[in-house]
Amino acid sequence: MTAIFCEDLKHEYVERKTGRRRQSLAGISIAVPRGAIFGLLGPNGAGKTTSVRIFTTLLKASGGAARVLDLDVNRSGREIRSRIGVAFGGDKGFFGRLTGRQNLEYFGSLYGLSRSTLGVQIDRVLGIMELNSRADGKVATYSIGMKQRLHLARALLADPEVVFLDEPTVGLDPEIAQILRQHIQRLKAAGKTIFLTTHYMLEADQLCDQISIICNGRVVASGAPAQLKSGFGRLKVIECLLRELDKARLERVRTFEGVASVDVEERSSFPCAKVFCDESIDTSTVVEGFGKENLLGSPTVRTQTLEEAYLDIVRKSQ
Amino acid sequence: MFFRTSYLSFKGLFLWLTPWGYFSSVIVAPVLNYLLFVLISDSVSDPNTYRSVVLNVPFYSASTVIAGGVLQMFFYERAFGILEFESKSPLYAFWAKSLCHLPNGILSITVSLLIAVWLHPDAYAATKVPTLAVCVIAMSISIIAFCMMLGVVVSALEEWLPVLSLGSATLFLLTGVLIPTSSLPQPLGVVSAVLPMTHGLIAYRQVVDGFSGEGFSTSITSELTVAMLYVILASAGWLALRRLRRSSRLPL
């Protein structure tokens with residue numbers, strides 16, 4: 001059963017300053033099964049938030065089809081909104097002069113919940129988000145982490161079947177971000193479908209069952225995190241710490257068959273070459289390529305991280 | 001629940017809702033405004049103009065307070081990034097913003113009128129309080145409805161002070177506060193007829209002069225009809241604005 005689905009979804013808008021038409025989605029297709037955590041990754045301006053806004057019926061698509069819980073986003077907006085929750089991350093979106101509880105009461109009233117039901121729901125979501133102790137404090141005095149948890153609490157008010165989370169951990173310290181991730185996992189355990197946008201690859205790797213990478217309004221890669229990490233046949237990364245960077249040798253290694261790319265970063269004041277290659281490449285070939293005498297210690301071999309896979313995919317698609 | 005929603009949006013967006021802010025803006029400001037007009041018009045030789053100022057300015061003063069209160073809510077809603085995500089009608093949250101301004105408006109007009117009565121008891125000698133109360137309530141409703149329509153403009157432009165100035169100037173110049181509507185050029189006379197306060201002020205002047213018959217009822221009905229017109233225009237404007245935002249022609 002598919003909870004969120006779109007095919008050839010397009011979105012265009014007219015830029016206010018220039019009057020030019022811009023395309024923020026150039027025809028994306030996504031299918032998210034019920035009960036899954038789906039991650040939409042991509043650089044700034046790739047179209048992640050636009051996608052969330054179309055699925056949550058806040059924006060109208062310019063073309064293609066989009067369905068949430070088998071309902072057309074253009075025709076059944078009100079019914080979809082009654083069955084989903086959405087958390088737009090960030091510092092804004094609340095009445096700073098009201099308490100956390102009053103904010104939830106206001107937004108909950110727009111869902112049409114009765115006062116008694118709303119009271120029970122507010123206590124429930126405040127409990128889930130561990131905000132009870134500060135529920136009666138003004139939101140203006142909340143930290144960013146508390147505001148993010150309040151966003152999530154707001155999204156859960158009407159006990160939705162699908163929850164959209166737009167960069168829920170942005171700007172949070174690692175400890176709070178980890179707590180929020182645990183909450184997201186608990187939502188999945190409770191049977192909710194989660195649609196998550198994020199910049200943090202570790203987060204996507206840790207949480208998501210399925211990922212799509214979006215770039216310039218197009219989906220450029222999709223699959224489970226493990227599939228993406230081993231994407232394009234590259235299964236390993238050989239890291240060589242070098243005494244000095246010999247550009248001629250570096251270029252030669254780049255031309256080896258089976259080597260997709262070589263990145264160089266500084267590590268402990270020495271250049272470290274990261275060779276992204278498939279299984280056919282032997283470590284000794286790479287070592288010889290850089291020159292044995294130029295190596296500091298032994299090379300390390302590991303699998304590609306999601307971040308490396310992501311950067312590679314995005315770079316190629318731009 | 002509507003009352004609670006209304007109160008929460010009022011508390012969250014009406015930034016004059018602090019003890020000092022409320023006292024100074026809703027009570028003191030219209031009174032000072034009234035006193036200023038009365039002092040200036042003391043030097044006017046025409047007794048009719050002086051009488052207009054004495055009698056009409058309390059309503060105008062209060063209208064600027066009501067407009068300031070309503071319009072700032074639409075501005076701060078955008079500034080705070082409040083994105084309403086509702087399964088109820090979008091008009092529910094929209095009209096919830098208006099409700100608490102009714103007691104505000106009534107209070108503001110009443111305080112200004114009390115000062116007017118205190119300063120000019122003779123002018124109000126023939127006034128019957130119940131009919132005066134009807135005038136105050138009817139004009140409060142129509143001014144709020146008019147301001148809700150201006151609120152749609154504020155929400156679209158994300159500016160409130162220019163809209164407030166324009167709205168206040170229109171009410172001051174075209175509703176008969178100072179310049180009789182009968183002396184306005186014909187096109188402006190038409191505009192005047194569909195503005196809040198115009199018919200209410202006519203009814204009010206009848207009350208002050210001791211009449212409360214058919215003419216009063218007609219004027220009050222006209223004032224409430226104008227209010228209804230702005231309820232419809234504001235609702236249609238709000239729905240249109242949401243449609244424009246949804247279709248990305250305006251920022252969400």
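Each value, and the rule that gives it
- Residues numbered from 1 in each chain as written.
- Chains lettered and ligands numbered in written order.
- Predicted model: local features only at pLDDT ≥ 70, side-chain atom pairs only at ≥ 80, totals over all residues.
- Heavy atoms only, no water.
- Helix = DSSP H or I, 4+ residues; strand = E, 2+ residues; numbered from the N terminus.
- Rg over C-alpha atoms; globule rule 2.2 N^0.38 Å.
- Buried < 20%, exposed > 50% of the residue type's maximum accessible area, 1.4 Å probe, protein only.
- Contact = heavy atoms within 4.5 Å.
- Areas by Shrake-Rupley, 256 points an atom, 1.4 Å probe, with all protein chains shown as cover.
- Salt bridge = Lys/Arg side-chain N within 4 Å of Asp/Glu carboxyl O.
- Pairing = 2+ DSSP bridges.
- Axes fitted to C-alpha atoms, helices over the stretch in contact; angles between N-to-C directions.
- Patch = residues over 30% accessible without salt bridge, like charges linked within 9 Å, V, L, I, M, F, W, Y side chains within 5 Å.
- Polar contact = N/O pair within 3.5 Å; in protein donor to acceptor, adjacent residues only side chain to side chain.
- Parallel < 35°, antiparallel > 145°, perpendicular 65-115°, else oblique.
- Left-handed = near helix turned anticlockwise from the far one by under 90°.
- Nonpolar A, V, L, I, M, F, W, Y, C, P; charged D, E, K, R; others polar.
- Core = buried A, V, L, I, M, F, W, Y, C linked by side-chain atoms within 4.5 Å.
- Phe/Tyr/Trp six-rings, centres within 6.5 Å; stacked < 30°, edge-to-face > 60°.
- pLDDT = per-residue confidence, 0-100.
- Expected span 1.5 Å × (residues − 1).

Examining the overall build of chain B
Okay, so step 1: A tally of regular secondary structure across chain B gives ten helices and zero strands.
Okay, so step 2: Its C-alpha atoms give chain B a radius of gyration of 18 Å, within 12% of the compact-globule value 18 Å for 252 residues.
Okay, so step 3: Counting only C-alpha atoms, chain B reaches 55 × 40 × 35 Å along its principal axes.
Okay, so step 4: A buried classification covers 50% of the 252 residues belonging to chain B.
Okay, so step 5: Expressed as a percentage of contacts within chain B between residues at least 6 apart in sequence, the contacts between residues at least 24 apart total 79%.
Okay, so step 6: When the accessible surface of chain B is split by element, carbon and sulfur atoms take 73% of a total near 10,500 Å².

Comments concerning the pattern of salt bridges
Residues and elements named next belong to chain A.
Okay, so step 1: Applying the stated criterion across every chain, the model contains 26 salt bridges over all chains.
Okay, so step 2: Among the ionic pairs, Arg 249 bridges to Asp 246, the shortest N-O distance being 3.6 Å.
Okay, so step 3: The class of Arg 249 is partly exposed, set by a relative accessible area of 26%.
Okay, so step 4: Asp 246 gets classed as partly exposed once you look at its relative accessible area, which sits at 32%.
Okay, so step 5: Through salt bridges with shared partners, one network takes in Arg 34, Asp 70, Glu 79, Arg 83 and Glu 161.

Describing the sheet that holds strand S7 (residues 162–166) of chain A
Residues and elements named next belong to chain A.
Okay, so step 1: Strand order in the open sheet made by the six strands is S6-S7-S8-S3-S9-S10, with mixed pairing throughout. At either margin of the open sheet sits one strand with a lone partner, and together these are strand S6 (84–88) and strand S10 (218–223). Going from strand to strand, the sheet's axes swing by 15° on average, the running direction of each strand aside.
Okay, so step 2: Where strand S9 (residues 210–215) and S10 come together, five bridges link them in antiparallel fashion. By the bridge assignment, Ser 212 is partnered in S10 with Ser 222.
Okay, so step 3: Here helix H1 (residues 48–55) sits on the sheet in contact with strand S3 (37–41), S6, S7, strand S8 (193–198) and S9, set at roughly 150° to S8.
Okay, so step 4: Relative to S8, helix H6 (residues 174–189) is tilted by about 150°, and along the sheet it contacts S3, S7 and S8.

Digging into a nonpolar patch on the surface
Okay, so step 1: A contiguous nonpolar patch, built from Ile137(B), Ile141(B) and Leu224(B) and spanning about 220 Å² of accessible area, is present on the exposed surface.
Okay, so step 2: You can see Leu224(B) is positioned in helix H10 (residues 214–246).

Notes on the pairing of strand S4 (residues 63–68) of chain A
All names here are of chain A.
Okay, so step 1: Direction of pairing for strand S1 (residues 2–14) relative to S4: antiparallel, over a ladder of five bridges. Following the sheet pairing, Ile 4 is matched in S4 by Val 68.
Okay, so step 2: Both S4 and strand S5 (residues 71–72) contribute to a ladder of two bridges, which runs antiparallel. Of the residues in S5, the one forming a bridge with Arg 67 is Asp 72.

Points about the sheet that holds strand S13 (residues 270–277) of chain A
Residue and element names in this part refer to chain A.
Okay, so step 1: An order of S12-S13-S11-S14 is seen for the four strands of this open sheet, with the pairing classed as antiparallel. Edge strands, defined here as strands with exactly one partner in the open sheet, are strand S12 (259–267) and strand S14 (300–302). Neighbouring strand axes in the sheet, compared pairwise and without regard to direction, differ in orientation by 20° on average.
Okay, so step 2: Packed on one face of the sheet, helix H10 (residues 283–290) meets strand S11 (236–241), S12, S13 and S14 and runs near 35° to S11.

Quick word on the interface of chain A and chain B
Okay, so step 1: Across the boundary between the two partners, chain A contributes 36 residues, which contact 34 residues of chain B.
Okay, so step 2: Its salt-bridge partner being Arg4(B), residue Glu105(A) comes within 2.5 Å of it at the nearest N-O pair.
Okay, so step 3: In this structure, the connection of chain A to chain B is made through 15 residue pairs in polar contact (both at pLDDT 80 or more).

With respect to the packing of helix H4 (residues 90–99) of chain B against helix H6 (residues 129–157) of chain B
All names here are of chain B.
Okay, so step 1: Relative to each other, H4 and H6 sit at 130°, their axes nearing to 10 Å. The orientation of H4 relative to H6 falls into the category oblique. As for the relative orientation of H4 and H6, their crossing is right-handed in sense. On the side of H4, the interface is formed by Phe 94, Trp 95, Lys 97 and Ser 98, while H6 contributes Ile 144, Met 148 and Val 152.
Okay, so step 2: Of the residues assigned to the contact of H4 with H6, the class counts are five nonpolar, one polar and one charged.

Notes on the nonpolar core
Okay, so step 1: In this structure, Leu9(A), Phe55(A), Phe164(A), Phe195(A) and Ile213(A) are the most contacted members of the largest nonpolar core, which totals 97 residues.
Okay, so step 2: In terms of residue count, helix H5 (residues 144–156) of chain A provides more of this core than any other element does, six residues in total.
Okay, so step 3: With near-sequence residues (within four places) excluded, Ile213(A) lies in contact with Leu41(A), Arg218(A), Val219(A), Val220(A), Ala221(A), Leu228(A), Tyr310(A), Ile313(A) and Val314(A).
Okay, so step 4: Ranked by size, the runner-up nonpolar core spans 59 residues in total, among them Val136(B), Leu171(B), Val208(B) and Tyr230(B).

A word on the packing of aromatic side chains
Okay, so step 1: A full pass over the atoms with the stated rule returns 24 aromatic pairs over all chains.
Okay, so step 2: Here the aromatic rings of Phe59(B) and Tyr204(B) are separated by 4.6 Å at their centres, their planes lie at 65°, and the arrangement is edge-to-face. Of this pair, Phe59(B) sits in helix H3 (residues 47–79) while Tyr204(B) is found in helix H9 (residues 198–208), placing the two residues 145 residues apart along the sequence.
Okay, so step 3: Given a relative accessible area of 0%, Tyr204(B) falls into the buried group.
Okay, so step 4: Ring-pair connections join several aromatic residues into one group, and the members of that group are Phe38(A), Phe55(A), Phe164(A) and Phe195(A).

Some words on the confidence of the model for chain A
Okay, so step 1: Confidence in the prediction of chain A, expressed as mean pLDDT, is 88, and 98% of residues score 70 or more.
Okay, so step 2: Within chain A, no element has a lower average pLDDT than helix H11 (residues 306–317) of chain A, which sits at 76, and none a higher one than S5(A), at 96.

Description of H5(A)
All names here are of chain A.
Okay, so step 1: Taking 1.5 Å of rise per residue, the 13 residues of H5 would be expected to cover 18 Å, and the 19 Å separating its terminal C-alpha atoms lies within 8% of that figure.
Okay, so step 2: The buried fraction of H5 amounts to twelve of the 13 residues, a majority that puts the element mostly inside the structure.
Okay, so step 3: Among the residues of H5, Gly 145, Met 146, Lys 147, Gln 148, Arg 149, Leu 150, His 151, Leu 152, Ala 153, Arg 154, Ala 155 and Leu 156 are the ones counted as buried.
Okay, so step 4: Tucked into the core, H5 has its buried residues touching S6, helix H3 (100–109), helix H4 (115–128), S7 and H6.

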